[in-house]
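# Fold and contact review
The residues making up each chain are set out below.
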Amino acid sequence: MSSEENAMTKPSDMDEATAKQRLDELAILLGSANDAYYQDDAPDLSDADYDALKRENAAIEAQFPHLKRDDSPSEQVGAAPAAGFSKITHAERMLSLSNAFDGGDVEDFVAGIRRYLGLSPDAPLAFTAEPKIDGLSLSLRYEQGQLVHAATRGDGSTGENVTANARTISDIPTTLENAPDILEVRGEVYMSHADFAALNERQAEADGKTFANPRNAAAGSLRQLDASITKSRPLKFFAYAWGEVSAPLSDTQTGALEHLQSLGFQINDRTKTFNGCEEMLAHYASIEEGRAGLGYDIDGVVYKVDNLSYQRRLGMRSTTPRWAIAHKFPAELAWTTLEAIDIQVGRTGALSPVARLAPVTVGGVVVSNATLHNEDYIAGRDSNGAPIRDGKDIRVGDTVQIYRAGDVIPKVADVDLSKRPDDAVPYHFPTECPECNSQAIREEGDAVRRCTGGLICPAQAVEKLKHFVSRAAFDIEGLGAKQVEAFHSDGWIAEPADIFTLRKRYGEAMQQLKNREGWGEKSAENLFQAIDDKREIALARLIFALGIRHVGEVAAADLARHYASWDALAATVDAAASAAIAHRAAEEAIVAERARAADESRRANLSAARETAWAETPSEAKAAWDDLTGIDGIGATVAVSLVTTFQQPSERASIDRLVEMLTPTAPEARATDSPVAGKTVVFTGSLEKMTRAEAKARAESLGAKVSGSVSAKTDLLVAGPGAGSKATKAADLGIETIDEDAWLALVGDG
Ligand code: IVH
């Protein structure tokens with residue numbers, strides 16, 4: 001919304017009814033802007049626009065004081081949304097952590113690391129264990145000992161520039177002595193309980209706005225456009241990790257933390273080093289016991305492999321390191337009543353039941369919705385038909401127990417049957433889509449019931465569009481979930497391609513858009529520009545953005561790396577069609593056969609049937625199928641899903657319309673100067689100096705593609721002892737074959 005536009009309706013020209021209506025509208029607009037900023041961390045208005053709305057609200061209230069709403073936006077502080085922060089690209093990605101919820105998960109974590117590194121059970125392997133601080137992470141970059149910038153985590157690759165704010169935090173040194181020339185220090189900004197209570201008291205006195213918990217207070221205080229506000233808030237900082245460094249800090253995690261401490265950073269004094277699971281879990285228990293007396297919020301314990309060369313070898317998955325894990329404290333629980341069960345339709349048509357609850361506070365957060373997963377969950381059984389909650393079903397009117405763990409969506413964990421109303425009836429899961437009335441079916445082996453409406457289902461279309469513009473997909477500035485919903489309901493956009501014709505279709509769009517509430521000439525032009533900026537898009541993002549079932553961020557990246565162009569991917573998926581159909585037919589036959597009986601002769605018949613299906617498949621189709629499913633990480637499920645989408649005429653036409661308007665860019669080879677960059681490598685047989693997972697990760701980090709099967713496209717086979725058919729096939733195809741030592745020598749690890 002432009003400020004000019006707001007000025008158009010002056011309060012002095014307004015009658016009382018209009019004024020009241022406008023105040024109601026402003027309460028909604030400002031409320032949703034606050035939510036977008038504070039809760040979703042995704043501001044949808046610029047500072048100037050937000051300020052203009054607040055001024056308009058104040059002006060109307062001044063003119064009509066008796067119309068002022070009880071929940072007037074002028075009573076709520078809330079700095080302008082932080083659209084004004086510039087962005088900083090992290091020199092090294094800021095990772096998050098995978099979670100462990102019990103001792104068994106921690107044991108699995110430790111065992112997995114031993115396996116990955118190929119360590120025997122008695123080889124020494126030390127871990128640090130430290131509190132997981134419940135604040136927000138911050139990366140501080142020092143060059144020649146000077147703090148040059150500070151950035152929030154953002155999406156891990158790019159964060160917000162909060163340098164001026166970070167400089168006001170006394171735990172953060174602005175100059176360092178004897179530090180490496182380049183040093184990125186990472187850690188958590190948090191607020192102590194005492195400071196939080198005092199701040200809330202001051203806030204209540206000053207303007208009524210208080211924070212729900214110390215983490216919100218810390219986040220709200222750090223992400224202030226006006227650094228003097230941050231300065232007035234008592235924030236603290238613990239260092240626990242680092243990003244780019246020009247010289248190693250140490251060869252252990254413990255040593256590195258001590259180094260950071262010697263440079264002037266606060267490190268957590270409950271950090272200790274241990275040699276095994278038992279000791280780690282004992283430390284967890286002692287931290288949990290002392291939790292209330294710490295004086296600040298923690299939500300678990302983080303374990304990290306102490307040896308930094310092991311950390312390097314372990315590397316990371318897409319967003320989390322393999323060498324660390326967060327062991328979360330147990331979930332919080334509360335009882336409340338289930339008022340209704342609503343069905344939401346997702347982008348792949350999944351019907352998801354949502355519990356609408358009488359609001360209840362669970363661990364400091366008010367919860368009014370919880371997931372009910374699927375129809376089996378409501379009925380009290382798991383996906384194999386075994387009872388859960390002792391077989392108790394969930395009914396509207398029931399008193400239910402809500403479970404909330406960290407950032408996980410709350411769920412209904414239990415039912416108190418003694419409180420069940422007499423008239424409560426079992427819930428009947430709909431067999432029709434509540435949004436488009438198409439049939440909703442549940443396929444064999446699928447826990448989820450899905451709407452079959454495809455593109456005609458408005459809910460699926462909207463969810464697809466929301467996914468399309470989401471952060472990991474097209475991430476178009478100014479086009480978030482809310483705008484997409486509004487544009488869709490107005491008939492402006494029905495499918496992703498429509499986003500890219502907005503400017504053209506609405507030749508006078510500027511005119512129309514700006515007449516829409518919330519838009520001015522400048523914001524409309526900004527939106528069109530932001531859309532144009534995304535016509536050139538990373539191939540992986542494009543693939544992910546299509547929202548194809550089973551094709552998540554990781555699969556999309558694997559596909560992009562392998563095919564490097566949209567056309568190559570599409571050609572292979574198209575070519576693989578008949579093979580995928582044969583595969584699916586054979587699979588369906590297996591399921592049906594299993595359902596009937598499993599006697600030996602039937603099984604033999606079945607595998608014969610499968611052979612026949614494959615025998616009738618043209619060899620080019622089989623080659624394309626093998627190519628697709630040969631990509632490490634891409635299995636038959638993803639391949640079938642891709643083919644199904646590409647073969648569905650209206651879906652395909654919609655994808656083609658989109659791709660035509662875009663320039664997908666090939667992923668950068670991870671390393672171009674390595675001897676294996678761009679090569680397709682297959683590992684087979686047993687490897688002795690590294691595990692298979694490690695070999696794959698290392699090869700990929702050097703720019704190689706790792707495939708699970710040998711084909712004409714294979715450049716190199718690394719064969720350990722016991723290599724079987726793959727080695728024979730490679731020999732037949734004349735593919736270079738080397739042993740593990742030769743591989744290590746080749747990649748410089750020998
Ligand atoms: S280590 C590469 N250590 O938890 C590992 N993270 O859930 C980087 N956090 O994004 C994180 N206390 O914001 C680490 N002692 C600690 C932590 C910690 C809190 C946060 C951090 C991270 C999040 C993951």
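The text that follows walks through the structure, step by step, so that each part is easy to find. Counting of residues starts from 1 at the beginning of each chain's written sequence and follows it residue by residue. It should be noted that, the model being predicted, local features are given only for residues of pLDDT at least 70 and side-chain atom pairs only at 80 or more, the latter also being counted only at that level, while totals for whole chains, interfaces and linings use all residues. To get the side-chain values, take all heavy atoms of the structure and skip hydrogens and water.

Turning our attention to the sheet that holds strand S5 (residues 146-152). Pairing between two strands requires that DSSP report at least two bridges joining them. Helix numbers and strand numbers start at the N terminus; a helix is a DSSP run of H or I with at least 4 residues, a strand a run of E with at least 2. Read from one edge to the other, the open sheet built from four strands follows the order S5-S4-S7-S8, with strand pairing classed as antiparallel. Single-partner strands in this sheet number two, and they are S5 and strand S8 (236-245). Strand-to-strand twist of the sheet, defined as the mean angle between neighbouring strand axes without regard to direction, takes the value 25°. Here helix H9 (residues 253-262) sits on the sheet and contacts strand S7 (182-190) and S8; the angle it forms with S8, its principal contact strand, is near 115°. What counts as an axis is a line fitted to C-alpha atoms, over the stretch in contact for a helix, and the angles between N-to-C directions run from 0 to 180 degrees. We call two residues contacting when some pair of their heavy atoms lies within 4.5 Å.

With that out of the way, let us pick up the packing of aromatic side chains. Two rings belonging to Phe, Tyr or Trp (six-membered ring only in the last case) form a pair when the distance between their centres is within 6.5 Å. Interplanar angles under 30 degrees mark stacking, angles over 60 mark edge-to-face geometry, and anything in between is tilted. Counted by the stated rule, this structure contains 13 aromatic pairs. Ring geometry for Phe468 versus Phe500: centroids 6.4 Å apart, planes at 80°, classification edge-to-face. You can see Phe468 sitting in helix H13 (residues 458-469) and its partner Phe500 sitting in helix H15 (residues 496-505), a full 32 residues away along the chain. A relative accessible area of 0% means that Phe468 is categorised as buried. Note on exposure labels: buried denotes an accessible area under 20% of the residue type's maximum, exposed denotes more than 50%, and partly exposed covers the range between, all computed with a 1.4 Å probe on protein chains only. Of the residues examined, Phe500 reaches a relative accessible area of 3% and is grouped as buried. Between Phe683 and Trp743, the ring centres sit 5.2 Å apart and the planes meet at 85°, which makes this aromatic pair edge-to-face. With Phe683 in strand S21 (residues 680-684) and Trp743 in helix H28 (residues 740-746), this pair connects stretches of sequence that are 60 residues apart. Judged on exposure class, the residue Phe683 and its partner Trp743 are both buried. Aromatic rings pair up to connect Tyr190, Phe238 and Tyr296 into one cluster.

Attention now goes to the packing of H13 against helix H14 (residues 481-489). At a closest axis distance of 9 Å, the pairing of H13 and H14 adopts a crossing angle of 140°. Of the possible angle classes, the one that applies to H13 and H14 is oblique. In the crossing of H13 with H14, the sense of the turn from one axis to the other is right-handed. Residues Pro458, Ala461, Val462, Leu465, Lys466 and Val469 of H13 form the contact with H14, whose own contacting residues are Ala481, Val484, Glu485 and His488. Amino acid classes used here: Ala, Val, Leu, Ile, Met, Phe, Trp, Tyr, Cys and Pro are nonpolar; Asp, Glu, Lys and Arg are charged; the rest, including Gly, are polar. Its residues assigned to classes, the contact of H13 with H14 comprises seven nonpolar, one polar and two charged. The cut-offs work like this: below 35 degrees is roughly parallel, past 145 is roughly antiparallel, 65 to 115 is roughly perpendicular, and the gaps in between are oblique. Should the near helix be turned anticlockwise from the far one by less than a right angle, the crossing is left-handed, and should it be turned clockwise, the crossing is right-handed.

Turning to the nonpolar core, a few remarks are in order. Here the nonpolar core consists of buried residues drawn from Ala, Val, Leu, Ile, Met, Phe, Trp, Tyr and Cys, with membership extended through side-chain atoms lying within 4.5 Å. In terms of nonpolar packing, the biggest core is built from 59 residues, with Ile499, Leu542, Leu559 and Trp566 touching the most fellow members. Here this core gets six residues from one element, more than from any other, and that element is helix H24 (residues 636-647). Those residues in contact with Leu559 that sit more than four places away from it in its chain are Ile543, Val551, Ala564, Leu569, Leu628, Ile631, Ile634 and Leu642. By size, the runner-up hydrophobic cluster in this structure holds 35 residues, among which are Leu138, Leu199, Phe237 and Leu260.

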